[in-house]
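Below, each chain spelled out in residue letters.
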Amino acid sequence: MHWMKQSRQENLIYLAVWGLLFAAPLLSLYVRTISDPNVTFDWTEVFIVWRKFAVYLVLFLVHNFFLAPLLVHGHKRTVYFSIVAATVIVFTVYQCNSRPERPKGHRPPMEQFDRHEPPPFEGYGHRPEHRVEHRPDMPPPFVGEHDILAVVMLILMFGANLGIKGYFRNRDIRRRLAKLERENLEQQLEYLRYQISPHFFMNTLNNIHALVDIDPEKAKDTILELSKMMRFVLYEGNKQGVPLSRELDFIRHYVTLMQLRYTNKVRITLDLPNEVPDRQIPPLILITFIENAFKHGVSYQHESFIEVQVIVEDDELRFCCRNSIADTPNEEQGGVGLSNVRKRLNLLYGNNYTLRIRNVADAYSVELNIPLS
């Protein structure tokens, strides 16, 4: 039964076409009665045309609701073409047997004259040309010109029906695929967001835990800063885009909290623009690289450095993060990793971004260019 379901637009197309076809005899006869006063409006002539159209309409309905779905939805080519061929043959036989019969005793106008005498309208000196003799009692051929035309019209009607149905079928498939891709994109982005947030809070809470015994007052201030950041994650992290200024403020708070954990042996440089245009950026898209810099680039035995820079120009954001490589980097589990960051960037920007990662002997650097919406 699901084969018989059609879109409203498809049904409107069929209704409009058949409405015009059935209205054509009425309009034609109406125009003739206006242009020629000797012609009267005769419903019998209209009904004769409608009766022929009714046959095509019945065949169209059978093809549209039962035969065409076999090919378009069921992909049963052999069954479809076999039934259609049988239908065309039956229609041809019906068309040949339903032709109006020639009245008995009727003779063509030229045969009313004697074969040996010229017609009265032939002038003097006219040489009678050879004419093919007509036999009024000879039956017409089995398949005539009108019969062939009717069969061709039937085949064209079936083909047009297949074309329209195939178009709407492909359109529905494209819509469903686009919807599935959009839903899959949203689910993957939501999943990646919720992966990032717990990782960040786990590291930040560790920082606060280290401050509780060293400087309780700073720990309190840090908790207040963390509450602001949590508010950003809770209310802004689930959006597709946030103001660039708020994302940069989030990075400032994060780096400030991280600086409380380390001594002067760790040189932290943060270069962010003070004024930025009113543009949107995906939330928490940059913090992962900064987290990894603190996680893998800080050494407690040797001097270390972390450099973060953001440049905004021409509706494009350039992010650079460079850090030293620790002798024994933190192997703490639970991080999102660069693979998930790449997935998120691919889902958000496709090929409209660049990410360069360099890992040399003494430094690790990340360069990211993304467009601003």
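Check the entry above for the structure.
**Notes on the pattern of salt bridges**
No. 1: Taken as a whole, this structure holds 10 salt bridges when the rule is applied.
No. 2: A salt bridge links K165 to E10; the nearest nitrogen and oxygen atoms lie 3.0 Å apart. Taken together, the residues span a long stretch of sequence, with K165 in helix α4 (residues 145–214) and E10 in helix α1 (residues 8–35) at a distance of 155 residues.
No. 3: With relative accessibility at 4%, the residue K165 sits in the buried group.
No. 4: Residues R267 and E307 are paired through a salt bridge, measuring 3.4 Å at the closest nitrogen-oxygen approach. With R267 in strand β2 (residues 266–271) and E307 in strand β4 (residues 304–313), the pair connects residues that are 40 residues apart, well separated along the chain.

**Let's talk about the packing of α1 against helix α2 (residues 43–72)**
No. 1: Two elements in contact, α1 and α2, have axes whose closest approach is 10 Å; the angle formed by their N-to-C orientations is 165 degrees. Classified by the angle between their axes, α1 and α2 sit roughly antiparallel to one another. Of the two possible hands of crossing, α1 and α2 adopt the one that is right-handed. Within the contact between the two elements, α1 uses E10, Y14, W18, L21, F22, P25, L26, L29 and R32 and α2 uses W43, E45, V46, V49, W50, F53, A54, Y56, L57, F60 and N64.
No. 2: In terms of residue class, the contact of α1 with α2 is made up of 16 nonpolar, one polar and three charged.

**A word on the environment of T92**
No. 1: Structurally, T92 can be placed in helix α3 (residues 77–97).
No. 2: Among the residues examined, T92 registers a relative accessible area of 19% and is labelled buried.
No. 3: For the pair T92 and L154, spaced 62 residues apart in sequence, the C-alpha to C-alpha distance is 9.9 Å.
No. 4: A polar side-chain atom of T92 sits 2.7 Å from the main-chain carbonyl oxygen of V88.

**A closer look at a nonpolar patch on the surface**
No. 1: Together, Y30, V31, I34, F41, W43 and F47 make up an exposed nonpolar region whose accessible area comes to about 640 Å².
No. 2: Elements with a contribution of two residues or more to the nonpolar patch: α1 and α2.
No. 3: Among the elements that line the nonpolar patch, the one with the most residues is α1, at three residues.
No. 4: One can find I34 in helix α1.

Criteria and cut-off values
- Throughout, residues of each chain are indexed from 1 in the direction in which the sequence is written.
- For a predicted model such as this one, the threshold for reporting local features is a pLDDT of at least 70, and the threshold for listing and counting side-chain atom pairs is 80 or more; totals across whole chains, interfaces and linings nevertheless cover every residue.
- With hydrogens and water stripped out, all remaining heavy atoms of the structure feed into the side-chain values.
- By salt bridge we mean one thing: a side-chain nitrogen of Lys or Arg within 4 Å of a carboxyl oxygen of Asp or Glu.
- Working definition: helices are DSSP H or I runs of at least four residues, strands are E runs of at least two. Numbering for both runs from the N terminus.
- Only protein chains enter the calculation, and the probe is 1.4 Å; a residue is then buried if its accessible area is under 20% of its type maximum, exposed if over 50%, and partly exposed in between.
- For helices, the fitted line uses only the C-alpha atoms of the stretch in contact; every axis is such a line through C-alpha atoms, and the angle between N-to-C directions lies from 0 to 180 degrees.
- Just so you know how the angles are binned, under 35 degrees is roughly parallel, over 145 roughly antiparallel, 65 to 115 roughly perpendicular, and the rest oblique.
- The sense of a crossing depends on the near helix, which, turned anticlockwise from the far helix by less than a right angle, makes the crossing left-handed and, turned clockwise, makes it right-handed.
- Here a residue-residue contact requires only that any non-hydrogen atoms of the pair lie within 4.5 Å.
- Only Asp, Glu, Lys and Arg are considered charged in this grouping, and only Ala, Val, Leu, Ile, Met, Phe, Trp, Tyr, Cys and Pro are considered nonpolar; every other residue, Gly among them, is considered polar.
- Pairing of N or O atoms within 3.5 Å defines a polar contact, subject to two protein rules: one partner must be a possible hydrogen donor and the other a possible acceptor, and residues neighboring in sequence count only if both atoms are side-chain atoms.
- Patches in this entry comprise residues that are over 30% relatively accessible and not in a salt bridge; like charges within 9 Å are linked, as are nonpolar side chains (Val, Leu, Ile, Met, Phe, Trp, Tyr) within 5 Å.
- Each accessible area value is a Shrake-Rupley result obtained with a 1.4 Å probe; residue values ignore everything except the protein chains displayed when judging cover.

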